[in-house]
Amino acid sequence: MGYDLGAFLAAFTSDPILALIVVLTLGATVVNGATDAPNAIATVVGTKAMKPLPAIAMAAVCNFVGLALITMISSAVAKTIFHMVDFGGDNHAALVALAAAMVAIIVWGVVAWFFGIPTSQSHSLIAGITGAAIALQGGLGGINGDEWIKVVYGLVISTVLGFGMGWLFTRMIRVGARGVSRREANGFFKWAQIISGAGVAILHGAQDGQKFLSLCMLGIMIGMSGGIQDDVTFPFWLIILVSMVMALGTAVGGKKIIKSVGMNMVKMEQYQGFAACLSACFCIGLATFTGMPVSTTHTKTTAIMGVGAERSLRSVKWGLAGKMVLTWVLTFPGCGLLAYGFTYLFLMFM
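Residues numbered from 1 in each chain as written. Predicted model: local features only at pLDDT ≥ 70, side-chain atom pairs only at ≥ 80, totals over all residues. Heavy atoms only, no water.

**A closer look at the overall build of the protein chain**
- When its secondary structure is counted, the protein chain shows 14 helices and zero strands.
- Ordered by position from the N terminus, the helices and strands of the protein chain form the series α-α-α-α-α-α-α-α-α-α-α-α-α-α.
- For the protein chain, with 350 residues in total, the buried portion stands at 58%.
- Contacts spanning at least 24 positions in sequence make up 88% of the contacts within the protein chain whose residues lie at least 6 apart.
- Looking at the protein chain as shown, the accessible area adds up to about 13500 Å², and 71% of this sits on carbon and sulfur atoms. (Helix = DSSP H or I, 4+ residues; strand = E, 2+ residues; numbered from the N terminus. Buried < 20%, exposed > 50% of the residue type's maximum accessible area, 1.4 Å probe, protein only. Contact = heavy atoms within 4.5 Å. Areas by Shrake-Rupley, 256 points an atom, 1.4 Å probe, with all protein chains shown as cover.)

**Quick look at the pattern of salt bridges**
- Tallied over the entire structure, the rule returns four salt bridges.
- As a salt-bridge pair, E147 and K150 come within 3.2 Å of each other at their nearest N and O atoms. On the criterion of helical spacing, the pair formed by E147 and K150 is a turn pair, its members being three residues apart in helix α8 (residues 145-176).
- What makes K150 partly exposed here is its relative accessible area of 22%.
- A salt bridge links K211 to D208, with the nearest nitrogen and oxygen atoms 3.1 Å apart. Of this pair, K211 and D208 both sit in helix α9 (residues 182-225), three residues apart, roughly one helical turn. For the pair K211 and D208, a shared accessibility class is recorded, and that class is buried.
- Here the residues in one salt-bridge network are R171, R174 and E310, joined through shared partners. (Salt bridge = Lys/Arg side-chain N within 4 Å of Asp/Glu carboxyl O.)

**Concerning the packing of aromatic side chains**
- On inspection of all chains with the given rule, the structure shows eight aromatic pairs.
- Geometrically, the ring pair formed by F8 and F12 is tilted, given 5.6 Å between the ring centres and 45° between the ring planes. One end of the pair, F8, and the other, F12, are both in helix α1 (residues 5-14), four residues apart, so they sit about a helical turn from each other.
- A network of ring pairs unites the aromatic residues F188, F189, Y271 and F274 as a single cluster. (Phe/Tyr/Trp six-rings, centres within 6.5 Å; stacked < 30°, edge-to-face > 60°.)

**Some details on a nonpolar patch on the surface**
- Together, V61, V65, L69, M72, I73, F236 and F289 line one region of the surface with nonpolar side chains, adding up to about 700 Å² of accessible area.
- At five residues, the largest contribution of residues to the nonpolar patch is made by helix α4 (residues 52-73).
- Along the chain, I73 turns up in helix α4. (Patch = residues over 30% accessible without salt bridge, like charges linked within 9 Å, V, L, I, M, F, W, Y side chains within 5 Å.)

**A few points about the side chain of T250**
- Structurally, T250 can be placed in helix α10 (residues 236-252).
- Overall, the relative accessible area of 1% leaves T250 in the buried class.
- One polar contact links T250 to N63, side chain to side chain, over a distance of 2.8 Å. (Polar contact = N/O pair within 3.5 Å; in protein donor to acceptor, adjacent residues only side chain to side chain.)

**Quick look at the nonpolar core**
- Ranked by internal contacts, the top residues of the largest apolar core, which has 61 residues, are F87, L125, I129, L215, M217, I220 and L238.
- When residues of this core are assigned to their parent elements, the largest contribution, 14 residues, is made by helix α6 (residues 91-114).
- Not counting the four nearest positions on each side in its chain, I129 is found in contact with I81, M84, V85, F87, L98, A101 and L215.
- Core analysis: the second largest hydrophobic core is formed by 22 residues, I41, M50, A59 and A280 among them. (Core = buried A, V, L, I, M, F, W, Y, C linked by side-chain atoms within 4.5 Å.)

**Description of the environment of I304**
- Of note, I304 is situated in helix α13 (residues 296-311).
- Overall, I304 belongs to the buried group, its relative accessible area being 0%.
- For the pair I304 and G166, spaced 138 residues apart in the sequence, the C-alpha separation amounts to 6.5 Å.

**Some thoughts on the packing of helix α2 (residues 16-35) against α9**
- Put simply, α2 and α9 touch, their axes get as near as 9 Å, and they point 175° apart. Taken as axis vectors, α2 and α9 run roughly antiparallel relative to one another. Of α9, the residues touching α2 (which contributes L18, I21, V22, T25, A28, T29 and N32) are H204, D208, F212, L215, C216, G219, I220, G223 and M224.
- Considering only residue class, the contact of α2 with α9 consists of nine nonpolar, six polar and one charged. (Axes fitted to C-alpha atoms, helices over the stretch in contact; angles between N-to-C directions. Parallel < 35°, antiparallel > 145°, perpendicular 65-115°, else oblique. Nonpolar A, V, L, I, M, F, W, Y, C, P; charged D, E, K, R; others polar.)

**Re the confidence of the model for the protein chain**
- In the predicted model, the protein chain carries a mean pLDDT of 83, and the fraction of residues at 70 or more is 88%.
- The spread of mean pLDDT over the elements of the protein chain runs between helix α11 (residues 255-264), the lowest at 54, and helix α12 (residues 270-290), the highest at 90. (pLDDT = per-residue confidence, 0-100.)

Right under this line is the structure:
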């Protein structure tokens, strides 16, 4: 069955549950743009390479470009999410469970945004669809272990490699820039940091945007064709729509997250901000093109910790970092349980 824009609009206007799924998915994408995307340019603002508003505008444009462009090259992350869970053969119940997962993701993300905590919308999304699938299937039968294990790999990359590359790039820059005057170094690293920050924003759009693109396509496929096809192709109009919505979320939110990540956790200089962005680009890019769903928030934050630790372990505010890590740890059971409960509740009334 084709998924051209005309056919979708006809289905959207005639099927209220499908319409709800799409609206909720786009709403979760907006929340992601407001909560996760600012991490890409948090260090750029924290080191005063850019002012907040221009940096947020840059991130919004780069989010759009990243999702729209890279998805046409590789949709590996989207396909991983698409096949991660199985909502079963009852299409109505599957759409209801997907709606419940979206509500849980939005609630979790909005609460985190309100308190200025850079929670991972990626982890929320994975936890949400997992909790909903478990509730619908009555156990772990709806979980695809071969795809879910990629989440574990992604956690290792975003934590260990993110921290390690942040430390290593900082050390390499410090050794390589010996003998260069601070004024010359700051002039170079200011622009290097802006460019690398834009790179992180582009990869964030590709990595996180593909996750929400996948869920939107999952709902459309169940609602329009009555089943899930293994060989999924994402229509261009849907890629552009999700890209625009994510960019909108980035444009309207983000100052609280920038303050928590880029200013409060580690006080950085220009070269350190560049090292953090460079390490995040490396890790997120590696994960994106190999189909591993990683948290861009998690990756960028651990890279910042690695940068700070290279100078001195005491330069990192481990109390704030610990609160962030606790939030990440709680996201899987917390958002998963929310989705589990919402699924049961929604099935009673829908």
